[in-house]
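Per-entry structural report
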Amino acid sequence: MADIRCTNRRLLHCVALLALSLGGCTANRWQNVHSEFVAGRATTVDSEFRSRKPYIRATVNGRTEGWFLFDTGTPITAISPEAAARLGLRVIGEQASLDANRNRRVSPLGVADSVEFGPMRLQDVRFLLQDRPTLSYNDVIGVIGMNGLQGVTIDLDLIGGEFSITNERLSADGEGVVPLHRTKFAVPFIPVEFDLRGGHRETRTSWVLVDTGNSGGLRLDNRTSAAVADTNKARPIDVAVGSHDMRWLIAEAPLTGGMTLGDTRLEGARAVVNQQGNNIGIELLGEFRIQIDGVSRLAALTRSDGAARLVSLERLGITRLRRYGGAVHAEYVIPGSVADQNGLTHEDVIVAINGEKPKAHHLKADFWKVAPDAETIQLRIRRLSDGEELDIAFPIAW
């Protein structure tokens, strides 16, 4: 499996896929976790969100130290060998996996008698022992995946920064609710509807993994890429390294139309194409509340602003806004875009967006909320050159 960034965290995906086919570990070693929802405990999980990713405090063998990335994209738990020793994990064997260069790698496999976070108590929990299984922060000692959490509802409010685990069931007719497909690896896949040709008449629905451990946006497999992405406009973003040091470009391409998450339509998204599977990460999920109900086999993706339609700033021809000198400016204007054709520069001041002063969410988001039937976004700008204010209508309709 090619690795875009060659980080150990992505190795967990290889492990999940290879646990049945390579020696050293059987499926039961990961599936025999005994989990208990402890009645009377607070449902809130001790957590913090860093760049929208959820990190949790977990008590392992009665001791609490460091943070764990909570990763919905893998069933596997992992911990650094140093932390495993301090927390009293017992080494019970080895686990075979592939590294970023497709070389077979063997990692020690440890077991914790108990792992507790929020209302959950897990027993006989297997951990891969890896050097810094996540490299993001010095105080992060491991990764906790989805194994053992099939009987509860995970509630991650990525925009509000809240994480809870409950026994409450989702309703099929609730807001933003979609069917949930769980593989034998216990990770959540949801149906995402894609426009095929830039309109609303022809669509394709594909199962996509909800992956809070993925900092990026959308990744699509070969078949989905060919159907919903404009691969003729693909641009290289990185280099993948495979077996025998073979290298090839990882490419990103715009979608040919919109996509729908829950009840929210997104327009102007891009995807890393021709990957091993379909996967959606924090870059697109970061403005959503995600609920995963393993009992009812339902998931919900909702937004606090109730947005039914979002349009990417790239559709307008600008990147994120930023504030400096007491005013709001476009960070970058894309050459040849509508913004560029209208003479907008990164030095011009953006005075209003659809008649309102720019707000904090305009500066943080890559997608803006628009009315379902809107055909344009109105920007009022003040030219740096002469101080003149003028209104520009940016077309957004497909």
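Residues numbered from 1 in each chain as written. Predicted model: local features only at pLDDT ≥ 70, side-chain atom pairs only at ≥ 80, totals over all residues. Heavy atoms only, no water.

Okay, the packing of aromatic side chains next. All chains considered together, the criterion is met by three aromatic pairs. Between the aromatic rings of Tyr55 and Tyr137, the centroid separation amounts to 5.5 Å while the plane-to-plane angle is 90°, which identifies the pairing as edge-to-face. Here Tyr55 is found in strand β3 (residues 53–56), whereas its partner Tyr137 is found in the loop between β10 (120–129) and β11 (140–144), with 82 residues between them in sequence. When the centroid spacing of 6.4 Å and the interplanar angle of 50° are considered together, the rings of Phe68 and Phe127 count as tilted. Of this pair, Phe68 sits in strand β6 (residues 67–70) while Phe127 sits in strand β10, and the two are 59 residues apart along the sequence. Each of the two residues, Phe68 as well as Phe127, counts as buried. Looking at Arg303, its charged tip hangs above the ring of Phe288, at a distance of 5.3 Å from the centre. (Phe/Tyr/Trp six-rings, centres within 6.5 Å; stacked < 30°, edge-to-face > 60°. Helix = DSSP H or I, 4+ residues; strand = E, 2+ residues; numbered from the N terminus. Buried < 20%, exposed > 50% of the residue type's maximum accessible area, 1.4 Å probe, protein only. Lys NZ or Arg CZ within 6 Å of the ring centre and 35° of its normal.)

What follows concerns the sheet that holds strand β30 (residues 349–353). Strands pair in a sheet through their backbones, by hydrogen bonds, and they do so in one of two ways: parallel or antiparallel. Taken in spatial order, the three strands of this open sheet run β30-β32-β33, and their pairing is antiparallel. Looking at strand neighbours, the two that pair on one side only are β30 and β33 (389–395), the edges of this open sheet. The mean inter-strand angle of the sheet, taken between neighbouring strand axes irrespective of direction, is 30°. When β30 meets strand β32 (residues 376–382), the two strands line up antiparallel, connected through four bridges. Each bridged residue has a counterpart across the sheet, and for Ile353 the counterpart in β32 is Leu379. (Pairing = 2+ DSSP bridges. Axes fitted to C-alpha atoms, helices over the stretch in contact; angles between N-to-C directions.)

Summarising burial for strand β12 (residues 153–157): five of the five residues are buried, a large majority. Residue alternation in β12 divides its side chains into two sets, Thr153, Asp155 and Asp157 and Ile154 and Leu156, and both sets are buried. Pairing of β12 with strand β13 (residues 162–166) involves five bridges; the strand directions are antiparallel. Residue pairing across strands places Thr153 opposite Thr166, the latter belonging to β13. Hairpin connection, β12 to β13: the antiparallel pair is bridged by four residues, and Gly161 has positive phi, about 70°. Of the strand pairs in this sheet, β12 and strand β25 (residues 289–293) are connected by five bridges, and their pairing is antiparallel. Bridging across to β25, Thr153 finds its partner in Asp293.

When pLDDT is averaged along the chain, the result is 84, and 83% of the positions lie at 70 or above. Overall, residues 1–28 carries pLDDT values under 50, and its contacts beyond four positions in sequence, including any with other chains, amount to 80 contacts. Contacts of residues 241–246 to residues separated by more than four positions or lying in other chains number 12 contacts, the stretch itself having pLDDT below 50. (pLDDT = per-residue confidence, 0-100. Contact = heavy atoms within 4.5 Å.)

This brings us to the nonpolar core. With 64 residues, the main nonpolar core has Ile79, Val115, Phe117, Ile154, Leu218, Leu255 and Met259 as its most contacted residues. At five residues, β10 tops the list of elements feeding residues into this core. Within the second largest apolar cluster, 22 residues are counted, among which are Val311, Leu316, Leu344 and Ile396. (Core = buried A, V, L, I, M, F, W, Y, C linked by side-chain atoms within 4.5 Å.)

Next up on the list: the sheet that holds strand β14 (residues 177–179). Read across the sheet, five strands follow the order β13-β12-β25-β26-β14 without closing on themselves; strand pairing throughout is antiparallel. Each of the sheet's edge strands pairs with one partner strand only, and the pair in question is β13 and β14. With strand direction ignored, the average angle separating the axes of adjacent strands in the sheet is 15°. Alignment of β14 against strand β26 (residues 298–302), held across three bridges, turns out to be antiparallel. Looking across to β26, one finds that Val178 is bridged to Ala299.

A word on the pattern of salt bridges. Close approach of charged atoms allows side chains of opposite charge to pair. Inspection of the entire model under this criterion finds 27 salt bridges. A salt bridge links Arg52 to Glu287; the shortest N-O distance between them is 3.1 Å. Residue Arg52 is found in the loop between β2 (47–50) and β3, and its partner Glu287 is found in the loop between α5 (282–285) and β25; the two are separated by 235 residues along the sequence. Judged by its relative accessible area of 24%, Arg52 is partly exposed. Residue Glu287 is classed as partly exposed on the basis of its relative accessible area of 21%. As a salt-bridge pair, Asp124 and Arg126 come within 2.3 Å of each other at their nearest N and O atoms. Connected via shared salt-bridge partners are Asp195, Arg265, Glu267, Arg309 and Arg315. (Salt bridge = Lys/Arg side-chain N within 4 Å of Asp/Glu carboxyl O.)

Attention now goes to the environment of Asn167. Note that Asn167 resides in the loop between β13 and β14. Sequence separation of Asn167 and Phe37 is 130 residues, and the distance between their C-alpha atoms is 8.0 Å. Excluding anything up to four places from it in sequence, Asn167 contacts Phe37, Gly151 and Val152.

Our focus in this paragraph is the pairing of β10. Most of β10 is tucked away, with seven of its 10 residues classed as buried. Pairing geometry for strand β1 (residues 34–37) and β10, over four bridges, is antiparallel. If you follow His34 over to β10, its bridge partner there is Gln123. Where strand β7 (residues 78–79) lies against β10, two bridges are found, and the strand directions are parallel. Pairing of Ile79 across the sheet is with Leu129, part of β10.

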